[in-house]
Number of protein chains: 4
Amino acid sequence: MRTSRLEAFSDGVMAIIITVMVLELKVPQGHHLTDLVHTTGVGLLTYLLSFVYVGIYWNNHHHMFHLVRHASGAVLWANLSLLFCLSLFPFTTAWMDDSKFAQTPVVTYGLNLLSAAIAYYTLQTVIIRQQGPQSPLRQAVGRDLKGKISPAFYLAGILSAWAIDRSGRVGVAIALACFIGAALLWIVPDRRVDRVARRYETSD
Amino acid sequence: MRTSRLEAFSDGVMAIIITVMVLELKVPQGHHLTDLVHTTGVGLLTYLLSFVYVGIYWNNHHHMFHLVRHASGAVLWANLSLLFCLSLFPFTTAWMDDSKFAQTPVVTYGLNLLSAAIAYYTLQTVIIRQQGPQSPLRQAVGRDLKGKISPAFYLAGILSAWAIDRSGRVGVAIALACFIGAALLWIVPDRRVDRVARRYETSD
Amino acid sequence: MRTSRLEAFSDGVMAIIITVMVLELKVPQGHHLTDLVHTTGVGLLTYLLSFVYVGIYWNNHHHMFHLVRHASGAVLWANLSLLFCLSLFPFTTAWMDDSKFAQTPVVTYGLNLLSAAIAYYTLQTVIIRQQGPQSPLRQAVGRDLKGKISPAFYLAGILSAWAIDRSGRVGVAIALACFIGAALLWIVPDRRVDRVARRYETSD
Amino acid sequence: MRTSRLEAFSDGVMAIIITVMVLELKVPQGHHLTDLVHTTGVGLLTYLLSFVYVGIYWNNHHHMFHLVRHASGAVLWANLSLLFCLSLFPFTTAWMDDSKFAQTPVVTYGLNLLSAAIAYYTLQTVIIRQQGPQSPLRQAVGRDLKGKISPAFYLAGILSAWAIDRSGRVGVAIALACFIGAALLWIVPDRRVDRVARRYETSD
């Protein structure tokens, strides 16, 4: 099966997820700047973080399927698992924001990030296995440093929010720093795939 | 008429249906794990079931239209009927979940599953008739065992939820087991279409 | 400019409109069949009518752009006007349903149908003018009987709902009959475009 | 990387933004024309303004990527920034409308327009730099008069709403005139890109 429809469907789902979150932004009751800051001030930043994360996944998905020509049934389901994890972002983002970054919602958000990372890794592995020993994706991924470091960031964030005394709010602050840090790691463009893709296209 | 726009439109509608359901998940009022379990615990599983069902239909739709090159007006309308049935899933899922699996909502959910199965079967029949005696879809579908067994599952679920004494909750449990069982039946990838598709492409 | 992105964007907007309406369906408070009938009974039929109308427009849009290769700026804006009219359907449908088919909402729904028909006619005219004297769309449209009859249906519906004594509810009933009748007129597939398209493709 | 998926994803996001705004339109409680005018009268016009703005951006985006064959990582992120700014439109539009055009919401709406214009300009600059000295986009854009005038309009609107005494409502009226004026400026089709595109395609 060609991957064009799988890509179109994934694009559609991710486009909806990324825009649905803005619906969670509550319109302030009052008409003044303080109302905006009180109602949506933090919310806007939380929304931005999740927007960036969905953007990163779309970006990586885009790069990954650049090296995939055909998709088996296993790839379809691995891809749907990833989309399921991503589709929970509006929910966990809203809970974290509504609770003003309470401990459990922050841990839940971290678990959502972790589950999406695992689903992405699974999808990557399924594709590499399907492509066989000459897999262009395996060459592009290489040692996959980022893919291995970021789950560690999420895990560190989850543990610090969970373990460190809540009243001090230090654990939650560390967790958010981990989540933002892992995002920054990914925004830097990934030159590996670009390189292999150029070779792959030339040899075509 | 080429099928590319029909596929793009169907992808769009199914992408929206699959993500709209997450909007039905209510964000918990409290900030603790028990709040999450109480508010969304069951909801998440119900959402997952409907997510898997829409995923199955997208998957089968994808496989089916792989063998279709041109679509007549009848195919367009049969396809819209299927999309209509699928678009009711967020509604019936939310009702079943809100009512904590009361008898009537579970029966309604089963009827929704049944109507989608009938719409899919109709679409398949319309395409096969259009393709004529050499229909590649007919060859791919073969005896269509899954397509015939799953409506029986839905019917069994509807009847058990409807007929068995409600206070005991046994009927509803059997119904849910039927709905989950039919989903599992479909997740196993369908090798028939893959096989015929390969032959079809080679003979192209 | 090639029309592929215009079609993709229109597909996206119409896919959203057609599925957004299901969000207007309120989940019943109770768990019984009577709750469903009371809360959503009529709503489901109203939703079905608007679903069919958006389906018709998508269908016609699909057929129309089958005969269009390039789109000027005027076509883009005429197309956006059509999408704007269509995007009001969820709103007017919900109002008509909420008011249990009161006079003004039914008239408003009819005006929405009328405005969409005018926007579609304008789009068609702009394309024919752009294509020049050998316009394949002009040949396909021919005398455009349906396109001329349906606005008359909408107008008749609007006038009867508006003019006939409201307490009797006769006017509203006639209006709804007009709106349903015009929809049925369009569901019958349009063989004209198919015919010209085949010729157009052959001569390509 | 080819730009097809970037365009499809952007189409999806803009299609959702443009239709999500209609969800903000509140269905009137009463059944009379006065209820419609009171509840949605102004809202419909505000919605129309934002609809036109998203339409303009889609239109320009469409024209711009007509001259782009390949997209680097920087282009992907500049594009996501633009989509982020656009996705705030439903929120700022709803706030401006809810507050019946109070000072701060109008200023916020203007800032949203300004940020989208800056994001668009950044995207354009990133693409031109990527394309190098022979950039077809640079030739098409030329002196980019519109792109330079419209931010001035937004800024004038923001300042007048902010600086002029609020009770008089004159400042807000001037601001809205600026926002509508800048939109009208863009609706006039842009012949520059069409011209260069034709040359570009011929030389292909």
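What counts, and at which threshold
- Residues numbered from 1 in each chain as written.
- Chains lettered and ligands numbered in written order.
- Predicted model: local features only at pLDDT ≥ 70, side-chain atom pairs only at ≥ 80, totals over all residues.
- Heavy atoms only, no water.
- Least-squares fit on C-alpha atoms with pLDDT ≥ 70 in both.
- Contact = heavy atoms within 4.5 Å.
- Buried area = accessible area lost by both parts, 1.4 Å probe.
- Salt bridge = Lys/Arg side-chain N within 4 Å of Asp/Glu carboxyl O.
- Polar contact = N/O pair within 3.5 Å; in protein donor to acceptor, adjacent residues only side chain to side chain.
- Helix = DSSP H or I, 4+ residues; strand = E, 2+ residues; numbered from the N terminus.
- Phe/Tyr/Trp six-rings, centres within 6.5 Å; stacked < 30°, edge-to-face > 60°.
- Nonpolar A, V, L, I, M, F, W, Y, C, P; charged D, E, K, R; others polar.
- UniProt positions renumbered as here; feature names shortened; annotations may be inferred.
- Expected span 1.5 Å × (residues − 1).
- Axes fitted to C-alpha atoms, helices over the stretch in contact; angles between N-to-C directions.
- Parallel < 35°, antiparallel > 145°, perpendicular 65-115°, else oblique.
- Left-handed = near helix turned anticlockwise from the far one by under 90°.
- Patch = residues over 30% accessible without salt bridge, like charges linked within 9 Å, V, L, I, M, F, W, Y side chains within 5 Å.
- Areas by Shrake-Rupley, 256 points an atom, 1.4 Å probe, with all protein chains shown as cover.
- Buried < 20%, exposed > 50% of the residue type's maximum accessible area, 1.4 Å probe, protein only.
- Core = buried A, V, L, I, M, F, W, Y, C linked by side-chain atoms within 4.5 Å.

J.: Explain the relation of the copies chain D and chain C here, please?
T.: Mapping between the two copies of the chain is achieved by a rotation about an axis and a shift along the axis. Laying chain D over chain C is done by rotating through 90° and shifting 0.0 Å along the axis; what remains is an RMSD of 0.1 Å. Such values leave the two copies arranged in the relation of a four-fold axis. Looking at the rotation axis and the C-alpha trace of chain D, the residue lying nearest is G12(D), at 4.2 Å. Taken together, the interface assignments show that only 3% of the residues at the interface of chain D recur at the interface of chain C, consistent with different surfaces on the two copies.

J.: What is the right way to look at the interface of chain B and chain C in this model?
T.: Contact residues are listed per partner, giving 30 residues for chain B and 39 residues for chain C. Buried surface at the junction of chain B and chain C, both sides included, amounts to about 3,000 Å², of which 76% is carbon and sulfur. Considering only the surface of chain B that becomes buried against chain C, M1(B), R5(B) and W77(B) emerge as the three largest contributors, covering 28% of it. Our count for the contact surface shared by chain B and chain C stands at two salt bridges. Across the pair E7(C) and R5(B) runs a salt bridge, and its minimum N-O distance is 3.8 Å. Remark: the boundary between chain B and chain C carries six residue pairs in polar contact (both at pLDDT 80 or more). Elements supplying a minimum of two residues to the side of chain B that touches chain C: α1 (4-24), α3 (73-87), α4 (89-98) and α5 (103-131) of chain B. By residue number, the principal contributor to the side of chain B that touches chain C is α1(B), which donates 10 residues.

J.: Looking at this structure, how should I read the relation of the copies chain B and chain C?
T.: With an axial shift of 0.1 Å and an RMSD of 0.1 Å, the rotation relating chain B to chain C amounts to 90°. Of all interface residues in chain B, a mere 3% are interface residues in chain C too; the two copies therefore contact each other through different surfaces.

J.: So what exactly am I meant to see when it comes to the environment of C85(B) here?
T.: Residue and element names in this part refer to chain B. Among the secondary structure elements, C85 is positioned in helix α3. Note: C-alpha distance between C85 and G147 (62 residues apart in sequence) is 16 Å. Among residues more than four places away in sequence, those in contact with C85 are N112, S115, A116 and A119.

J.: Sorry, what's going on with the packing of aromatic side chains here?
T.: When we look at a pair of aromatic rings, we describe it by the centre distance and by the angle of the planes. In total, this model carries 32 aromatic pairs over all chains according to the counting rule given. A centroid spacing of 6.0 Å and a plane angle of 65° characterise the contact between F89(A) and Y109(A), whose relative ring orientation is edge-to-face. With F89(A) in helix α4 (residues 89-98) and Y109(A) in helix α5 (residues 103-131), this residue pair connects regions lying 20 residues apart in the sequence. Taken together, the aromatic side chains of Y47(A), F51(A) and F84(D) make up a single cluster linked through ring pairs.

J.: Please clarify how the interface of chain D and chain C should be interpreted in this entry.
T.: Quoted interface sizes are often the accessible area lost when the parts come together. Contacts between the two partners involve 39 residues from chain D and, on the opposite side, 30 residues from chain C. The contact between chain D and chain C buries some 3,000 Å² in all, and 76% of this surface belongs to carbon and sulfur atoms. If you look at where chain D meets chain C, you find two salt bridges. Counting across the interface, chain D meets chain C through seven residue pairs in polar contact (both at pLDDT 80 or more). Looking at the side of chain D that touches chain C, the elements with two or more residues in it are α1 (4-24), α2 (33-65) and α9 (191-202) of chain D. Its residues assigned to classes, the side of chain D that touches chain C shows 23 nonpolar, 12 polar and four charged.

J.: Any chance you could explain the UniProt feature "transmembrane region" (unreviewed entry) in chain A here in plain terms?
T.: All names here are of chain A. Residues given the UniProt feature "transmembrane region" (unreviewed entry) here are residues 12-30, 36-58, 70-89, 109-128, 149-164 and 170-189. Secondary structure across residues 12-30 divides into 68% helix and 0% strand, with the first and last C-alpha atoms of the span separated by 35 Å. Within residues 109-128, the helical portion is 100% and the strand portion 0%, while the C-alpha atoms at the span's ends are 29 Å from each other.

J.: Looking at this structure, how should I read α5(A)?
T.: An α-helical turn contains 3.6 residues, so a residue and the one three or four places further along point in the same direction. Between its first and last C-alpha, α5(A) extends 42 Å over 29 residues, near the 42 Å set by a 1.5 Å rise per residue. Among the residues trailing α5(A), G132(A) stands out with phi positive, at a value near 80°.

J.: Got a minute to help me understand the packing of α5(A) against helix α7 (residues 145-163) of chain A in this structure?
T.: Two quantities define a packed helix pair, namely the angle between the helix axes and the distance between the axes. All names here are of chain A. Two numbers describe how α5 lies on α7: the axes approach to 9 Å, and their chain directions differ by 165°. The pairing of α5 with α7 is recorded here as roughly antiparallel in orientation. Here the hand of the crossing between α5 and α7 comes out left-handed. Side by side, α5 and α7 meet where Q103, V106, V107, G110, L111, L113, L114 and A117 of the first sit next to P151, Y154, L155, I158, A161 and W162 of the second. Residue classes in the contact of α5 with α7 are distributed as 12 nonpolar, two polar and no charged.

J.: Could you clarify how one ought to interpret a nonpolar patch on the surface in this entry?
T.: On the surface, a nonpolar cluster with roughly 250 Å² of combined accessible area is contributed by L23(A), L23(B), L23(C) and L23(D). With respect to the helices and strands, the residue L23(A) is situated in helix α1 (residues 4-24).

J.: Would you take a moment to explain helix α7 (residues 145-163) of chain B for this structure?
T.: Taking 1.5 Å of rise per residue, 19 residues should cover 27 Å, and α7(B) covers 27 Å from first to last C-alpha, within 8% of that figure. Taken residue by residue, α7(B) has K146(B), G147(B), S150(B), Y154(B), G157(B), I158(B), S160(B) and A161(B) as its buried positions.

J.: What is the right way to look at the packing of helix α7 (residues 145-163) of chain D against helix α8 (residues 170-187) of chain D in this model?
T.: Residue and element names in this part refer to chain D. Closest axis-to-axis distance for the α7/α8 pair is 7 Å, and the angle between their directions is 165°. When the interaxial angle is binned, α7 and α8 end up roughly antiparallel. Once α7 is placed against α8, the crossing between them reads as left-handed. Counting all contacts with α7, which are made through K146, G147, I149, S150, F153, Y154, A156, G157, I158, S160 and A161, the residues of α8 involved are G171, V172, I174, A175, C178, F179, G181, A182, L185 and W186. Among the residues forming the contact of α7 with α8, the class breakdown is 14 nonpolar, six polar and one charged.

J.: What exactly am I supposed to notice about the nonpolar core here?
T.: Looking at soluble globular proteins, one finds that nonpolar side chains tend to be buried together. Within the largest apolar cluster, 276 residues are counted, with the highest numbers of intra-cluster contacts made by Y53(A), Y53(B), Y53(C) and Y53(D). If we skip the residues at most four places from it in the chain, Y53(C) touches Y109(C), L113(C), Y154(C), F179(C), A182(C) and A183(C).

J.: It is not clear to me how unusual backbone geometry should be interpreted in this structure. Could you clarify?
T.: Backbone phi values are negative for most residues with the exception of glycine, while trans is the configuration of most peptide bonds. Residues and elements named next belong to chain C. Even without being glycine, K100 reaches a positive phi, approximately 50°. Relative to the helices and strands, K100 resides in the loop between α4 (89-98) and α5 (103-131). Among the residues examined, K100 registers a relative accessible area of 62% and is labelled exposed.

J.: Help me understand the side chain of R5(B) in this model?
T.: Here R5(B) shows up in helix α1. With a relative accessible area of 6%, R5(B) lands in the buried category. At 3.0 Å, the side chain of R5(B) and the side chain of H61(C) are in polar contact. Apart from the residues within four sequence positions on either side, R5(B) is in contact with E7(C), S10(C), D11(C), M14(C), W58(C), H61(C), H62(C) and F65(C).

J.: Is there a simple way to think about the pattern of salt bridges in this case?
T.: Between side chains of opposite charge, a pair can form as their charged atoms come close. If you walk through the whole model with that rule in mind, you get eight salt bridges over all chains. The residue D11(B) makes a salt bridge to R5(A) at a minimum N-O spacing of 2.8 Å. Placement of the pair is D11(B) in helix α1 and R5(A) in helix α1, with the two residues belonging to separate chains. With respect to burial, D11(B) and R5(A) carry one shared label: buried. Three or more residues are tied together by salt bridges with common partners; here these are R5(A), E7(B) and D11(B).

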